[in-house]
Amino acid sequence: MSTNQPNNPFNYPVFTVSKSTEDFDLRAIIINYTKNWKWFLACIVICVALAFLFNKYAMPVYLINGTVILNEEKPDITADLFSSAGLGNSKMNTQNEVWILKSLFLAEEALKELNFNVSYYREGMFQKAQVYGNTPVMLDVDWKHPQVVGGLFKLKVIDDTKFQLNIAEEGLSVYNPADPFYNSALSNQHLLDGTYYFDSLIVNSFSKFTVKNAGGLHGEEIYFKITDTPSLALEMANDLSVQLVDEKASILSLSLHSGIRKRGENYLNNLMEAYLERELAEKNRASDATISFIQNQLSGITDSLTFFENRLQQYRTDNKIFNLSEEGSRVYESLLDLENERAKAELSLRYYSQLKEYLERENFDALMAPSISDMDNSLLNTMVGNLIQLQSEKTRLSAQYSDQNPAVVEINLKIANTRKVLSENVNSAISNIRATIVQLTTRINAIDGEINKLPETERRLVGIQRQFQINESIYVYLQEKLYEAQITKASNFPKNSILNSARSSLVPVFPKKTLNLIIGFFVGLGIPFLFITIRTYFNNKVDDPRFLEKHVDIPFLGIIGKGNMDHSRVVLESPKSGVTESFRSLRSDMSYLVPEKSKIVILFTSSVSGEGKTFCAINMASVYALSGKKVILLGLDLRKPKIAQDFGLDNKEGISTVLSKKMNWRDAVKSSGFDNFDILLSGSVPPNPAELILQDSFAQMMQEIKESYDIVIMDCPPVGLVSETKELFKYSDINIFVFRHKYSDKANIRVVESLREKEEIKKLYTVLNDFQVDHRYGYGYGYGYGYGYGKDYGYYNDDKPSKLSRLFGKKKQ
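Residues numbered from 1 in each chain as written. Predicted model: local features only at pLDDT ≥ 70, side-chain atom pairs only at ≥ 80, totals over all residues. Heavy atoms only, no water.

1. A look at the pattern of salt bridges
Keep this limit in mind: Every case where a carboxyl oxygen of Asp or Glu lies within 4 Å of a side-chain nitrogen of Lys or Arg is listed as a salt bridge. Type-normalised accessible area, obtained with a 1.4 Å probe on protein chains alone, sets the label of each residue: buried when under 20%, exposed when over 50%, and partly exposed for intermediate values. A run of H or I in DSSP counts as a helix once it spans at least four residues, and a run of E counts as a strand once it spans at least two, with each numbered from the N terminus.
Counted by the stated rule, this structure contains 19 salt bridges. The closest approach of N and O atoms between Glu-123 and Lys-128, which form a salt bridge, is 3.8 Å. The exposure class assigned to Lys-128 is partly exposed, which follows from its relative accessible area of 27%. For Asp-770, the salt bridge identified is with Lys-562, shortest N-O distance 3.3 Å. In this pair, Asp-770 is assigned in strand β22 (residues 764–771) and Lys-562 in the loop between β15 (556–561) and α14 (570–573), connecting sequence segments 208 residues apart.

2. Side note on the packing of helix α2 (residues 37–57) against helix α12 (residues 513–537)
Selection criterion: Under this scheme, a helix contributes an axis fitted over its contacting stretch, all axes are lines through C-alpha atoms, and angles between N-to-C directions fall in the 0 to 180 degree range. Each angle receives one of four descriptions, namely roughly parallel if under 35 degrees, roughly antiparallel if over 145, roughly perpendicular if within 65 to 115, and oblique otherwise. Throughout, a crossing is termed right-handed when the near helix is turned clockwise from the far one, and left-handed when it is turned anticlockwise from it by less than a right angle. Throughout, a contact is declared for two residues whenever any of their heavy atoms are within 4.5 Å. Polarity classes work like this: nonpolar for Ala, Val, Leu, Ile, Met, Phe, Trp, Tyr, Cys and Pro, charged for Asp, Glu, Lys and Arg, and polar for all others, with Gly in that last group.
Where α2 contacts α12, the two axes come as close as 8 Å, and the packing angle between them is 150°. In this view, α2 runs roughly antiparallel relative to α12, as classed from their interaxial angle. Considering only the axes of α2 and α12, their crossing is right-handed. Residues Trp-39, Phe-40, Cys-43, Ile-44, Cys-47, Val-48, Ala-51, Phe-52, Phe-54 and Asn-55 of α2 pack against Lys-513, Asn-516, Leu-517, Gly-520, Phe-521, Val-523, Gly-524, Leu-525, Ile-527, Pro-528, Phe-529 and Ile-532 of α12. Among the residues forming the contact of α2 with α12, the class breakdown is 17 nonpolar, four polar and one charged.

3. Some points on the nonpolar core
Keep this limit in mind: For this analysis, a nonpolar core means a set of buried residues of the types Ala, Val, Leu, Ile, Met, Phe, Trp, Tyr and Cys, connected via side-chain atoms within 4.5 Å.
One finds Leu-548, Leu-634, Leu-680, Phe-698, Ile-705, Met-714 and Leu-728 to be the most contacted residues of the largest nonpolar core, which totals 43 residues. Sort the elements by how many residues they give to this core and helix α21 (residues 696–708) lands first, with four residues. Beyond its immediate stretch of four places on either side in the chain, Leu-680 contacts Ile-632, Leu-633, Leu-634, Gly-635, Gly-654, Ile-655, Trp-665, Ala-668, Val-669, Met-701 and Ile-705. Grouped together as the second largest cluster of nonpolar side chains are 39 residues, Leu-593, Ala-625, Val-631 and Ile-734 included.

4. Focus: the packing of aromatic side chains
Threshold: Geometry of aromatic contacts follows a simple scheme: Phe, Tyr and Trp rings, the Trp one being its six-membered ring, pair when their centres are within 6.5 Å, and the pair is stacked under 30 degrees between planes, edge-to-face over 60, tilted otherwise.
Counted under the stated rule, the structure contains 14 aromatic pairs. Geometrically, the ring pair formed by Phe-153 and Phe-224 is stacked, given 5.1 Å between the ring centres and 20° between the ring planes. Of the two residues, Phe-153 is situated in strand β5 (residues 147–157) and Phe-224 in strand β11 (residues 221–226); the sequence distance between them amounts to 71 residues. Phe-153 gets classed as buried once you look at its relative accessible area, which sits at 2%. Overall, Phe-224 belongs to the buried group, its relative accessible area being 1%. On the basis of an interplanar angle of 45° and a centroid distance of 5.2 Å, the ring pair of Phe-737 and Phe-739 is categorised as tilted.

5. Details of unusual backbone geometry
Backbone torsion omega between Phe-510 and Pro-511 reads 0°, so that peptide bond is classified as cis. Topologically, Pro-511 is positioned in the loop between β14 (497–504) and α12. Of note in this structure, Lys-662 is not a glycine but carries a positive phi near 60°. Locating Lys-662 in the fold gives a position in the loop between α18 (655–661) and α19 (665–668). If you check the backbone angles, Asn-676 has positive phi at about 65° while not being a glycine. Mapped onto the fold, Asn-676 is located in the loop between β18 (670–671) and β19 (677–680). The exposure class of Asn-676 is partly exposed, given its relative accessible area of 37%.

6. Here's the deal with the side chain of Gln-189
The condition is simple: Polar contact is defined as a pair of N or O atoms within 3.5 Å, subject to the rule that within protein one atom must be able to donate a hydrogen and the other to accept it, and that residues adjacent in sequence are counted only when both atoms are side-chain atoms.
Examined against the element boundaries, Gln-189 turns out to sit in the loop between β7 (179–185) and β8 (194–197). A distance of 2.9 Å separates the side chain of Gln-189 from the backbone nitrogen of Gly-171, its partner in a polar contact. Side-chain polar atoms of Gln-189 contact the backbone nitrogen of Leu-172, separated by 2.8 Å.

7. Let's talk about α12
Test applied: One fewer than the residue count of a helix, multiplied by 1.5 Å, yields its expected span.
Taking 1.5 Å as the rise per residue, α12 with 25 residues should run 36 Å; its terminal C-alpha atoms sit 35 Å apart, in good agreement. Along α12, the residues classified as buried are Asn-516, Gly-520, Gly-524, Pro-528 and Ile-532. Next to the buried residues of α12 lie α1 (26–34) and α2.

8. Describing the sheet that holds strand β16 (residues 600–606)
Applicable threshold: Any two strands between which DSSP finds at least two bridges are classified as paired.
The mixed open sheet is built from eight strands, whose spatial order is β15-β22-β21-β16-β20-β17-β19-β18. Looking at strand neighbours, the two that pair on one side only are β15 and β18, the edges of this open sheet. Across five bridges, strand β17 (residues 631–635) lies against strand β20 (residues 711–715) in parallel orientation. From the neighbouring strand, Val-631 faces β20, where its bridge partner is Ile-711.

If you want it as structure tokens, here you go:
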């Protein structure tokens, strides 16, 4: 239909869009965003500026990195025991080392030599900055006494001898050395507020520390926080990251974040040193056990050796005999060799018996076996050493994991396998040693028979000298083994080593300045984008003429532009304006809509108030009047009349008075002040407007008006609010339903569709009023409606423009 594409003075592309066009319009979407470019620019500038300020004032954080190389030990003779059982797993061993480095035990060891328990801060521009070294005061905390931890204290230097202490941030708790892993709450957070002296002990039930002046100036302020070692170790362990530099390598990379580079480097270096010391201590357990065993044996041998040495000297002095005879010397040397062998066998038997007892104990998992590195059985030496290392590893893992953890299960299998094989070897060794002792004892007894044949004095000398020589030989033997064990301990060194000491990154890893600026840019871009998207999605207003073309099955006549006047007489006052051209275009279309009629009745209505139906009616009447047609404008909105004030007329007489007082309608007609343009106002607001319109006299009046004028314009009430408008459609030739741009709800299309379908109204068309192509242009008029049922019989209260609307020159219709 040609009426779907009227003349448009704005040349807006909407009129070339047909109903078959898809809802998705990329160009419209792009325009919807680009027209708000100022908001995009403002948000981008603000967000980038915020990112810049954040980069400038945020506390920098550096990455501290160090590396440890894991050297594989040479396989020992027990390796087959584990490989055959499927327990040899180098990947698992590497993972064990990772967890050792991240353990709380190792973190606490690393913190022992570092005074990290007291952190010092200075007031910054936006936040407090931590100070490390060169602090104006120093705290000496007694950790054997219960101590307040957490929170934040503020210390102000009064003079060289005094300072004021206050709590700056609450959150204090009490650390108890008797139960170091659970801090208790402190009810009185301001317990320590007050004035104190430097170098004087501050002590109560919950604290014990001394503050020393290290160069603090008068009035200088410093903040400090006290943290217990378990909590600090947990914090440092959680921040530590340990990972393999490469899957094929055996190098671990240790890294952590620190706001102070030197502090982070000191901690990481201490941690790596503590890791190596722990490994060395594990290796030295076997040597320490050997030394302890030998020293226990030496303590008994030394007493016996001293006793027999004194007895031998005394016997020789008393009996004046110093050397044995040739026969006695021969027998003595044979006996001494056998006695030495039996003494060593008995020493070995004592050790194996002790080892067997150890293996049979019920609390085996909590004990360590002594080393047997001084024995000749290399298999037993290796297995005992492995057992010590496995038990140490299990103790560490059990403190962190449950018994069902794969690492704990693997360690238990290794311990059980080693223990079984070791027990079998120990029992076999004990049996062999006992057999050797029995054999040696038999041979010694045979030699004792030959000794009995010697003279009594020589025989007794042989017995005393034999006891002395046996103890001396055992003593020398144990001393040699003691030196060997001590040399072995001194020669132990960790298999792993530090490849690179801790070093800090040259530039902070936080804040990431470039990334933050990029994020700021995209956040600034995204905020208005998201806002516009949400606003568009939830927008229920008619903001595009294409919406009416696509979703309403009623012909769309065209658009009425937005004016910039404070009244509705745009056509009469500005005949060359774009709004006037819009009405001229509509006037031209009327001849095509009813070509068979020379006299036309045009009805204007809308769904709700404020959509500009009165504005359209006034200007439609005006454009016809300018063309020389005799026009009358009927104010049929009896509830809330507005036409009178637009023309400065008195509304006392009008349609309501004509119908209620039976006066001639011609007497109520008023001139608009313009040629060919008369107005019949609504008159005083009646109590029963719907009933008045239903009178026969109204139909007669309408018939007479049609005969008297070429064009009749009916300004009717909103059809979506009142019922009498439906009674007026039968008098009109063309019915125009007015929508207002960015004001009318999209749901109002159901009202106009209902008129077409249920009321069977013919010649029904739609227009879009108050349309604006760009926010900088438009034509306005300051009219609003208020429809409702109140004591003034209006529909709603008058809409008044807000201060912001008046400021930007936006007028309501």
